[in-house]
Amino acid sequence: MSQLSEQQCEACSWDAPHVSEEEIETLKRDIPEWSIEVRDGIKQLERVFKFRNFKQALAFTNRVGEIAEEAGHHPALLTEWGKVTVTWWSHEMKGLHKNDFILAARTDQVAEQN
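Notes on the structure follow.

**Focus: the nonpolar core**
Of all hydrophobic cores here, the largest spans 26 residues; its most connected members are Ile31, Trp34, Leu45, Phe60, Trp88 and Phe101. With six residues, the top contributor of residues to this core is helix α3 (residues 98–112). Apart from the residues lying within four places of it in its own chain, the contact partners of Leu45 are Lys28, Ile31, Trp34, Ser35, Ile36, Val86, Thr87, Trp88, Leu96, Asp100, Phe101 and Ala104.

Here you go:
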């Protein structure tokens, strides 16, 4: 289990500092299955989770939604038959913050409980 998932998210605003490339490399060690995607110049963390059917994918989506609500930080969730794509980034600051990595690690925990 990742120690990253146990860290607390901090309040984040549009002018919060983005994680540096060095920080990204360090934080990614705890979430190796996640990739960095760049869309419209905005870095995002993304991972596809596989399931046996739509019901399991939907249950996972709802559990990720619960952790997002608890943290007040929300990912993009694409739920399809047999898979869910989860994308974390800090919308207001248009990039990656440490919170995104913390919540990616918590998402991995949700997947492990499945």
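**Let's talk about the environment of Val19**
Take Val19: it is sitting in the segment before α1 (21–28). Between the C-alpha atoms of Val19 and Gln44, which are 25 residues apart in sequence, the distance is 11 Å. Those residues in contact with Val19 that lie beyond four places of it in its chain are Ile24, Leu27, Leu96, His97, Lys98 and Phe101.

**Regarding the pattern of salt bridges**
Here the structure, examined in full by the defined rule, presents four salt bridges. We note a salt bridge from Arg47 to Asp108, for which the minimum N-O separation is 2.6 Å. Of this pair, Arg47 sits in strand β2 (residues 42–50) while Asp108 is found in helix α3, placing the two residues 61 residues apart along the sequence. With respect to burial, Arg47 and Asp108 carry one shared label: buried.

**Some details on the side chain of Thr61**
Relative to the assigned elements, Thr61 resides in helix α2 (residues 54–71). Relative accessible area serves as the criterion here: at 11%, Thr61 is assigned to the buried category. Side-chain polar atoms of Thr61 contact the backbone oxygen of Ala57, separated by 2.9 Å. Once residues lying within four places of it in the same chain are set aside, the contact partners of Thr61 are Leu77, Thr79 and Val84.

Parameters at a glance
- Residues numbered from 1 in each chain as written.
- Predicted model: local features only at pLDDT ≥ 70, side-chain atom pairs only at ≥ 80, totals over all residues.
- Heavy atoms only, no water.
- Core = buried A, V, L, I, M, F, W, Y, C linked by side-chain atoms within 4.5 Å.
- Buried < 20%, exposed > 50% of the residue type's maximum accessible area, 1.4 Å probe, protein only.
- Helix = DSSP H or I, 4+ residues; strand = E, 2+ residues; numbered from the N terminus.
- Contact = heavy atoms within 4.5 Å.
- Salt bridge = Lys/Arg side-chain N within 4 Å of Asp/Glu carboxyl O.
- Polar contact = N/O pair within 3.5 Å; in protein donor to acceptor, adjacent residues only side chain to side chain.

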